[in-house]
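Overview (structure and organization)
Here is what each chain is made of, one letter per residue.
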Amino acid sequence: MKFGNRTIGFPNDPPILPERFRGRPIIGPEPCKEGCAKCLEACPTSAIKIIDQHPQIDLGRCLFCGECEKACPENVFKFTKDFSLAANRRSGLLVSYDSEKVMVEKLKKENLRLFKRSLRLRQVSAGGCNGCEVEINVLGTIVFDLGRFGIQFVASPRHADGLLITGPVTENMRLALQKTYEAVPDPRIVIAVGACAISGGPYIDHSQVHNGAESAVPVDLFIPGCPPHPITILDGILRLLSRIPKERVAGYLNN
């Protein structure tokens, strides 16, 4: 009673993000100087490519470290506060100066009917560093209160509607992940959270890593970040379930 209600108003209200938060990057239209590769050299995961003298960032590989922004002499890169980063397809995570933001598409009609008001997820850490796992755990606190949306994490895949995967899928976890997926009854959904689960992250192409969840199971939703903010995770899942109010579909920063 003394502290009152501590649950945030998201998604009806825009969230309050930390000052250091880095969200979706914006890439300026200016072409790169010929021979300049400072952003490529600065990126620890090779998330940047130069196409026709214009940089392109793969958010699935990006660690949101900001090193490209610091390294670019032309100030082409700028990380914004846009926290809505998820995509249904891997190609939706590619950002260039002329690309349009791809919004998450809701589940198909029958799956939406089944999962919109009640979704049970089995979380699988497939070799993660515990960064993404911590952010997922935070969703269960009174601040975010994931349960108010009918979303809960369960202990057994037999009780789950889908998987939420973190980590780069190490060799020791690949078979376990596949067996867990097979134990979830149809229809099922799969959500890959974090750069590791999408592409391998900082461990990409390591001999003991399979570069993300898609190497083992089909993925319905990609949520980038290293780790992604709890709001980014929640935003992606709610959009998949068509739980974001219609007036907010284009994102909060446009208001």
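Scroll up a little and you will see the structure.
As the structure is a computational prediction, the values presented were derived from the model and not from experiment.

It is worth spelling out the overall build of the chain at this point. Of the regular secondary structure elements, the chain holds seven helices and 10 strands. Its C-alpha atoms give the chain a radius of gyration of 18 Å, within 12% of the compact-globule value 18 Å for 255 residues. Across its three principal axes, the chain shows a C-alpha extent of roughly 55 × 45 × 40 Å. Across the 255 residues of the chain, 50% fall into the buried class. Long-range pairs, those at least 24 residues apart, make up 76% of the contacts in the chain between residues at least 6 apart in sequence. With an accessible surface of roughly 13100 Å², the chain has 50% of that area assigned to carbon and sulfur atoms. A gap of 7 Å separates the mean positions of the 32 positive and 27 negative side-chain charges of the chain.

Let's shift gears to helix α5 (residues 171–183). Along α5, the residues that are buried comprise Leu177, Thr180, Tyr181 and Ala183. Seen along its axis, α5 keeps its buried residues to an arc of 155°; they face one direction. Among the exposed residues of α5, those pointing more than 90 degrees away from its buried face are Leu175, Lys179 and Glu182. At its buried positions, α5 is contacted by β6 (119–125), β8 (162–166) and β9 (189–193).

Calculation criteria
Residues numbered from 1 in each chain as written. Predicted model: local features only at pLDDT ≥ 70, side-chain atom pairs only at ≥ 80, totals over all residues. Heavy atoms only, no water. Helix = DSSP H or I, 4+ residues; strand = E, 2+ residues; numbered from the N terminus. Rg over C-alpha atoms; globule rule 2.2 N^0.38 Å. Buried < 20%, exposed > 50% of the residue type's maximum accessible area, 1.4 Å probe, protein only. Contact = heavy atoms within 4.5 Å. Areas by Shrake-Rupley, 256 points an atom, 1.4 Å probe, with all protein chains shown as cover. Lys, Arg positive; Asp, Glu negative; His and termini not counted. Charge placed at Lys NZ, Arg CZ, Asp CG, Glu CD. Arc of directions from axis to C-beta.

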